[in-house]
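Here is what each chain is made of, one letter per residue.
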Amino acid sequence: MKVLKNLIVKVKPRFEKGGSLYFLHSTFDAFETFLFVPDHTANKGVHVRDAIDLKRSMSIVILALLPAMLFGMWNTGYQHNLSIGLTAPFWATFWFGFFKVLPLLVVSYVVGLGIEFISAQIRGHEVNEGFLVSGILIPLIMPIDVPLWILALAVAFAVIVGKEVFGGTGMNIWNPALLARAFVFFAYPSHISGDKVWIEGLSSGEGIVDGFSGATPLAAAAEGSATPSFLDMFFGTIPGSIGETSTLAILLGAAVLIYTGIASCKIIVSTFAGGFFLSLLLNAIAPGAADPSSFLNVPAWNHMVMGGFAFGAVFMATDPVTGCQTERGKWIYGFLIGVMAILIRVFNPGYPEGMMLAILLLNTFAPLIDHYIVQANIKKRLNRAKTNK
Amino acid sequence: MSNHIRLSKGLNIPVKGTASARIIKTVLPDILAVKPTDFRLLTPKLLVQQGDTVKAGSPLFADKKNPSILFVSPVSGTVSEIVRGEKRKILAVLVKHNGKNEYINFNVPNPRNAEKADIIRILLESGLWPSIKQRPYGIIPDPEKEPRSIFISAFDSAPLAPDLDFALRGETDAVQTGIDILKKLTKGDIHLSMHIDNHASTPFHKLQRVISHTFEGKHPVGNPGIQIHHIDPINKGDIVWTIDLHSVAAIGRLFTKGVYDVKRMIAVTGPMAINPGYIETYPGMCMQQIKEFVAQPLRRYGEDLPARYISGNLLTGSNVGENGYLGFFDHQITLLPEGKYREMIGWAKPFRFKKFSVSRSYFSWLFPRKEYILDTNLNGGERAFVMTGVYEKVFPMDIYPMYLLKAILAKDIDRMEELGIYEVIEEDMALCEFVCPSKTEVQQIVSDGIELMIKEMS
């Protein structure tokens, strides 16, 4: 530890202004502050600061993502085995998925962090921690079969157009991870929809069990065919994007986020409330037995565990940068995400999932919601001034 | 009439080194300083030269914009130095104490039947006028303008703050006289706020001619700004005054004894203070004189951390250095270890027992009674605003802190006004700075905003 510290202190001048490696100073800084909390002290203002920083906050989010990610790895192997009619022991299943998911993670981080480092260097800023989370989120909301080059393009698009053009982490309007998914969705739709892409090896079609369908429960529901049981969907042994299938694993992450206060429980709760509310409403007007294939028939509780609803509610909608910033606004924002997600799911004929578009839509409107909340506060202040005179 | 107000938002930072209720020393200052920099946007006009002899109450400099506002020497002696900074800006006037207690005798009227104009004249002459703060902005009051009301906080809730009941014991009569004097300067009320925990035992609950309020909650509940917001908020065009109890007592003494006597009890606090307690001294005293109470450098993460001398509390005080001087308004010295060290992967450690955090991503909440040896390390790097809802938990006002700060950063005067800039000064938002994960310099932003408002609105 001491050796490392001395080394850093020794080479640091080279990366400072006038040093031979100045052009790499942001990169150096990123590694230095990763290893050691900097020796900066409070100069002006408050002399003591809370121990929390963005690195800590972001690492808590990553921690919260781990259950979903690990389950996603196992499920990748499990779904693959199902498709070829094989049963394998737990660890074999996990390792199979692990080595399928790992390249996605590596590509996402290398491309994303590469761009982040370069743009931090150009701006002369410190490298922001935001991408540490986006870098893991993006692979988790992709189908396992997504080609690496598409993933790379999507990450680059998300980081450059979604974040850096606005000024970097903290300035972006849309959730970068969802933007990456939206990019694939619109640019390469065949790679993120249909029945084949969700299960490793299904697209190439070798050795597949006869009659095996890789359809996600949502696709099945949209067609009006039978969906897996609630418990299967809750535990997550279903096809879908890598990280989104297990509601249980996601809720574990949600517990961490809510408990540490890193994510707003108001958004999570109200998103579920909004989704549940609208699905109940739809259930009430559903044709039921008259048209058993109608999407309206899908019970409200099933909506909560299907597709990306839970994952979006816990990890995407709660992004503090792109969500509402006022506490009252967060309730409205979450509720509308839930409502919109179900609305898009059920009434959109082309694609059975609505969470991504719902969140991106509400990202767009979050400042407007905040505007009205803040405006109410301003009015209150104005009225107070008037009545006092 | 008594009103109770309970605040649920706020934070008491659990730092070690509360002053125990005893006097550890009477510090007769050798050299002390009167600093124009203690007052917002003050341009001083010097009235003395190096070598001049002064008494306690002799003017040293005046406000250039309003030369009737005088700043005086707290002790008798000679002007030993005029300390100047960049562009010859006057930073401090140093007075060498001659050991005698020679006072200028002011011709004070009887407090009972004093006229308003006389009171203002005497307060200006005696140098006690600047001890009043005018809101909005927390500036020296304009003698031409009458305040709507006056607010006095009878307790300090800041970290390690002195116990005012102890620091002002035996001064209740002087405080009462001060209040009677101030009452003649406003047609409105004088509001006195006490903390619910000691409002029955505090000598100040017997004060007359005030409207008493009891407050409940954590810091910043003791800040007059917070109290005003909940008692009778400041609207555009309003002028109110705030004044601390020490200054009220000084006004009382001025009108009974006719002298500028600002001797007071100052708490020496903080983790680096040996036997934290109270000293009897004058504002402007030199930190050199409390050296004996400062601990040896603290060993932490392989470095020796010397003490930082803060005039004031650790949220709003200023780092004056070991040769610095106590500020005009400060009644507390905080000694903290200077956090200049590199902690290996500190942000990733599950436990950091030496650090305190309000965030549950650490485990400080498991030890609610623990007092920490907190140091001045930033604990991270500065970033853009990312997290939301953090400031709101420690800011007990009906104001959107993040939006106000952004309006200030955008220099949008109208928006600042709409969002409540008139109601805050730096100290009210200091806790936002403490908890900020992005390490934003909140108080500096507020200060810039206030200065911009003053310049644009005058």
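Analysis parameters
- Residues numbered from 1 in each chain as written.
- Chains lettered and ligands numbered in written order.
- Predicted model: local features only at pLDDT ≥ 70, side-chain atom pairs only at ≥ 80, totals over all residues.
- Heavy atoms only, no water.
- Buried < 20%, exposed > 50% of the residue type's maximum accessible area, 1.4 Å probe, protein only.
- Helix = DSSP H or I, 4+ residues; strand = E, 2+ residues; numbered from the N terminus.
- Pairing = 2+ DSSP bridges.
- Domains from an automatic or database assignment.
- Contact = heavy atoms within 4.5 Å.
- Buried area = accessible area lost by both parts, 1.4 Å probe.
- Salt bridge = Lys/Arg side-chain N within 4 Å of Asp/Glu carboxyl O.
- Nonpolar A, V, L, I, M, F, W, Y, C, P; charged D, E, K, R; others polar.
- Axes fitted to C-alpha atoms, helices over the stretch in contact; angles between N-to-C directions.
- Parallel < 35°, antiparallel > 145°, perpendicular 65-115°, else oblique.
- Left-handed = near helix turned anticlockwise from the far one by under 90°.
- Polar contact = N/O pair within 3.5 Å; in protein donor to acceptor, adjacent residues only side chain to side chain.

Chemist: I'm lost on the pairing of strand 11 (residues 150-153) of chain B in this one. Help?
Modeler: Residues and elements named next belong to chain B. Residues Ile150 and Ile152 point to one face of strand 11 and Phe151 and Ser153 to the other, with burial holding for every one of them. Alignment of strand 11 against strand 12 (residues 190-195), held across four bridges, turns out to be parallel. When the sheet's bridge partners are listed, Phe151 is paired in strand 12 with His191. In this structure, strand 11 lies alongside strand 14 (residues 240-243), joined through two bridges in parallel fashion.

Chemist: Even after reading the chapter, I still don't get the domain arrangement of chain B, so can you show me in this structure?
Modeler: Many descriptions give the size of an interface as the accessible area lost when the pieces come together. All names here are of chain B. For chain B, the domain assignment lists domain 1 (29-98), domain 2 (103-262), domain 3 (264-366) and domain 4 (391-457). The interface of domain 1 with domain 2 comprises 15 residues on the first partner and 17 residues on the second. Between domain 1 and domain 2, roughly 1200 Å² of surface is buried when both sides are summed, and carbon and sulfur atoms account for 68% of that area. Of all residues in domain 1, the largest losses of buried area upon contact with domain 2 belong to Arg40, Ala56 and Ile69, amounting jointly to 34% of the total for that side. Applying the counting criterion to the domain 1 and domain 2 interface returns zero salt bridges. The class makeup of the residues in the side of domain 1 that touches domain 2 is eight nonpolar, five polar and two charged.

Chemist: It is not clear to me how the packing of helix 6 (residues 148-160) of chain A against helix 7 (residues 176-187) of chain A should be interpreted in this structure. Could you clarify?
Modeler: The angle between the axes and the distance between the axes are what describe a pair of packed helices. Residues and elements named next belong to chain A. Packing of helix 6 against helix 7 leaves a shortest axis separation of 8 Å and a crossing angle of 130°. Considering the angle they form, helix 6 stands oblique to helix 7. The hand of the helix 6/helix 7 crossing is right-handed. For the pair helix 6 and helix 7, the contacting residues are Ile150, Leu153, Ala154, Phe157 and Ala158 in the first and Pro176, Leu179, Ala180, Phe183 and Val184 in the second. Broken down by class, the residue content of the contact of helix 6 with helix 7 amounts to ten nonpolar, no polar and no charged.

Chemist: Sorry, what's going on with the pattern of salt bridges here?
Modeler: For side chains of opposite charge, pairing can occur when their charged atoms come near one another. All names here are of chain B. Using the criterion set out here, one finds 35 salt bridges over all chains in the structure. The salt bridge involving Asp261 is made with Arg253; its shortest N-O contact spans 3.4 Å. With respect to burial, Asp261 and Arg253 carry one shared label: buried. Shared partners join several salt bridges into a network, and the residues in it are Glu171, Arg253, Lys257 and Asp261.

Chemist: It is not clear to me how the environment of B:Tyr422 should be interpreted in this structure. Could you clarify?
Modeler: Residue and element names in this part refer to chain B. Relative to the assigned elements, Tyr422 resides in the loop between helix 7 (413-419) and helix 8 (430-435). Residue Tyr422 is classed as buried on the basis of its relative accessible area of 8%. C-alpha of Tyr422 to C-alpha of Gly237: the two residues are 185 residues apart in sequence and 9.1 Å apart in space. Those residues in contact with Tyr422, other than ones at most four positions away along the chain, are Pro136, Tyr137, Ile234, Lys236, Glu417, Met453 and Met457. A polar contact of 2.9 Å, which involves the side chain of Tyr422, links it to the side chain of Glu417.

Chemist: Looking at this structure, how should I read the sheet that holds strand 6 (residues 59-63) of chain B?
Modeler: Two pairing modes exist for strands in a sheet, parallel and antiparallel, and in both the strands are linked by backbone hydrogen bonds. All names here are of chain B. A sheet is described by the order of its strands in space; here three strands give the open sequence 4-6-7, paired in antiparallel fashion. Where the open sheet ends on each side, the last strands, each with one partner, are strand 4 (44-46) and strand 7 (70-72). Neighbour-to-neighbour, the strand axes of this sheet turn through a mean angle of 35°, independent of strand direction. Note: strand 6 against strand 7, three bridges, orientation antiparallel. Across the sheet, Ala62 pairs through a bridge with Leu70, a residue of strand 7.

Chemist: Looking at this structure, how should I read the interface of chain B and chain A?
Modeler: Contact residues are listed per partner, giving 77 residues for chain B and 63 residues for chain A. Buried area between chain B and chain A, summed over both chains or domains, comes out near 6300 Å², and the portion from carbon and sulfur atoms is 52%. If you sort the residues of chain B by the area they bury against chain A, B:Arg342, B:Trp347 and B:Arg383 come out on top, with a joint share of 16%. Taken together, the links from chain B to chain A amount to five salt bridges. The partner of A:Glu129 in a salt bridge is B:Arg383, with the nearest N and O atoms 2.7 Å apart. On the surface where chain B and chain A come into contact, there are 29 residue pairs in polar contact (both at pLDDT 80 or more). Taken together, the elements giving at least two residues each to the side of chain B that touches chain A come down to strand 19 (307-311), strand 20 (318-319), strand 22 (343-344), helix 6 (401-409), helix 7, helix 8 and helix 9 (442-457) of chain B.

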